[in-house]
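# Structural overview for review
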Amino acid sequence: MAGKRLTKQAQLKEFIKKQILTGQYQPGRKLPTERFFCEMFDISRITVQTALGDLAQEGILYRIRGSGFYVSENAYGHARANVINAGLLPFIANCLEAYSRYLDIIKGIEDYAAVRNSFVTVHSTNQEPALERAVIQNIRSKQIDTVVIYNPHNEAGFYYDLMQQGMNFIFIDGSTRKMTTHSVRCDNVQGGYMMASYLFRQGFRRIALLGGAGASINIQDRTYGFEMAHESAGVPFDSQYECPFENVQSHTSILPELRVELHRIFSLPEPPDALFCINDMTAVMAYGVLQQMGIRVPDDVALAGFDNLAVAQNNPVPITTIEQPFYDLGYYAADLAFRAASNDIRGYASLYLPGRLIERESTMTAAQKTAEAAASGSPAPAADKRVV
């Protein structure tokens, strides 16, 4: 997504505000001449005069006729209300695993921040609540009051206490229904619904759900969308195909449970003909267990995930998935951050961005595999993804 660059007039105003916030322009100081700003920003004198006049109206500057513009006594407070502090937007990531797509989120935040002539600082907390609290307190000690957090890990009360003291939090892909703040997330209900509906169109009816338990609002929403698609299709969901795990976010710890559950459901009189995994990492691990069991994907069972991580695309049999709009999550979170910092939002904004279905070999029917093989002139199905 490309954002519009600020006008030269807006760039000059942002520059002066940052100079004030960083202490370069102290109260009572006379600003450089209009000619200085004309040359610095390659703009006309009338543009400079308009920008300075706007700042005077905002209470940041004042003018002495025949002398020039000066920094007002309350300039810091006025400037701070209209720009991210010192041009820095902190981003706290509780999930920086190598397989995740956090870099796409950071790129989205950085691209928006660049439009606002600001920079992003990145802080990793390794999913440790105490470390996250320490990072936030450190940020707050620097008079920065707006923070974007990917996958927050603390209790709601911690954030609420700081919000009452003027902090702005923008959550990406996190929190629970007990917490109300600015947030941007994938529309997980739509994603779960989309995947189940697609599997029905493929002809599958006994769809098992792997990883549908847990307190995560994302998992709850994907599960709800999955169940809603069953209701819409008139196909009751059989609870014996539900495989909940204690902590689906901790991928390595669920492997023993995953083995037990897969052996259980494939021992049923009518085993599942498709598996919808609550995320791609679960799908990749399920594929490995199925291989050990001698169950072939997609010949014996279809397999689908959620997220569109590289591990799903690079799996020996590429896995069908729902792609989260990671870049857009970051971009719009940054937009909310700047709007919140400038008091441009009434109440709390929650933005839900749609995912999209990525169809791959793991859910191909025999007819599709034959058709693709005939089209490619090869007995093997094409592994390249197709976007639906």
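Note that this is a predicted model, so its numbers are computed, not measured. (Residues numbered from 1 in each chain as written. Predicted model: local features only at pLDDT ≥ 70, side-chain atom pairs only at ≥ 80, totals over all residues. Heavy atoms only, no water.)

Glancing now at the side chain of Ser 183. Considering the arrangement of structural elements, one finds Ser 183 in strand S7 (residues 182–186). Looking at Ser 183, its side chain comes within polar contact range of the side chain of Ser 350, at 3.3 Å. Sequence-distant contacts of Ser 183, that is, excluding residues within four places in its chain, are made with Phe 171, Leu 336, Ala 349, Ser 350 and Leu 351. (Helix = DSSP H or I, 4+ residues; strand = E, 2+ residues; numbered from the N terminus. Polar contact = N/O pair within 3.5 Å; in protein donor to acceptor, adjacent residues only side chain to side chain. Contact = heavy atoms within 4.5 Å.)

The next thing to look at is helix H8 (residues 188–201). Each turn of an α-helix holds 3.6 residues, which means side chains three or four residues apart point in the same direction. A rise of 1.5 Å per residue sets the reference length of H8, with its 14 residues, at 20 Å; its end C-alpha atoms lie 20 Å apart and thus fit the reference within 8%. Burial runs high along H8: 11 of the 14 residues are buried. Taken together, the buried positions of H8 are Asn 188, Val 189, Gly 191, Gly 192, Met 194, Met 195, Ala 196, Ser 197, Tyr 198, Leu 199 and Phe 200. Where H8 begins, one side-chain oxygen reaches toward the backbone nitrogen of Val 189, 3.4 Å away; that side chain belongs to Asp 187. Just past H8, the residue Gly 203 takes up positive phi, approximately 100°. (Expected span 1.5 Å × (residues − 1). Buried < 20%, exposed > 50% of the residue type's maximum accessible area, 1.4 Å probe, protein only.)

As a further point, take the packing of aromatic side chains. Tallying each qualifying case throughout the model produces 13 aromatic pairs. With 5.2 Å between their ring centres and 90° between their planes, Tyr 112 and Tyr 331 make a pair best called edge-to-face. Taken together, the residues Tyr 112 in helix H5 (residues 102–115) and Tyr 331 in helix H13 (residues 326–341) connect sequence positions 219 residues apart. Taking relative accessible area as the criterion, Tyr 112 reaches 10% and is therefore assigned buried. Judged by centre distance (6.3 Å) and plane angle (40°), the rings of Phe 169 and Phe 171 are tilted. In this pair, the class of Phe 169 matches that of Phe 171, namely buried. Taken together, the aromatic side chains of Tyr 112, Tyr 327, Tyr 331, Tyr 332 and Phe 338 make up a single cluster linked through ring pairs. Positioned above the aromatic ring of Phe 306 is the side chain of Arg 222, whose terminal nitrogen or guanidinium carbon lies 3.9 Å from the ring centre. (Phe/Tyr/Trp six-rings, centres within 6.5 Å; stacked < 30°, edge-to-face > 60°. Lys NZ or Arg CZ within 6 Å of the ring centre and 35° of its normal.)

For the rest of this paragraph, the subject is unusual backbone geometry. Each neighbour pair has its own omega, and for Val 297 with Pro 298 the value is 5°, a cis peptide bond. Despite not being glycine, Gln 127 has its phi angle at roughly 60°, a positive value. Structurally, the position occupied by Gln 127 is in the loop between strand S4 (119–124) and helix H6 (129–141). Judged by its relative accessible area of 32%, Gln 127 is partly exposed. Phi is positive for Asn 151, which is not a glycine, with a value near 65°. Here Asn 151 shows up in the loop between strand S5 (146–150) and helix H7 (156–164). Judged by relative accessible area, which is 23%, Asn 151 ranks as partly exposed.

Turning next to H6. Its 13 residues give H6 an end-to-end C-alpha distance of 18 Å, which sits within 8% of 18 Å, the value for a rise of 1.5 Å per residue. Burial in H6 covers these residues: Glu 132, Val 135, Ile 136 and Ile 139. Angularly, the buried residues of H6 cover 95° about the axis, an arc narrow enough to put them on a single face. Packing partners of the buried residues in H6 comprise strand S3 (88–93), S4, S5, H7 and strand S6 (168–172). A positive backbone phi angle near 65° is found at Gln 143, which sits one or two residues after H6. (Arc of directions from axis to C-beta.)

Spatial strand order, S9-S8-S10-S11: 4 strands in an open sheet with parallel pairing. A single partner strand is all that each edge strand has here, and the edge strands are strand S9 (242–243) and strand S11 (302–304). Of the pairings in the sheet, the one linking strand S8 (residues 207–210) to S9 comprises 2 bridges and is parallel in character. Following the sheet pairing, Leu 209 is matched in S9 by Glu 242. Packing against the sheet, H8 makes contact with S8, strand S10 (274–277) and S11, and its axis sits at approximately 170° to S10. (Pairing = 2+ DSSP bridges. Axes fitted to C-alpha atoms, helices over the stretch in contact; angles between N-to-C directions.)

Next up on the list: the pattern of salt bridges. The final tally for this structure, using the stated rule, is 14 salt bridges. For the salt bridge of Arg 264 with Glu 261, the shortest nitrogen-to-oxygen distance reads 2.9 Å. With a gap of 3 residues between them, Arg 264 and Glu 261 both fall in helix H10 (residues 255–265), about one helical turn apart. With a relative accessible area of 17%, Glu 261 lands in the buried category. Taken together, the salt bridges that share partners define one network made up of Lys 13, Lys 17, Asp 54 and Glu 58. (Salt bridge = Lys/Arg side-chain N within 4 Å of Asp/Glu carboxyl O.)

Purely spatial values, then, with no claim about function.
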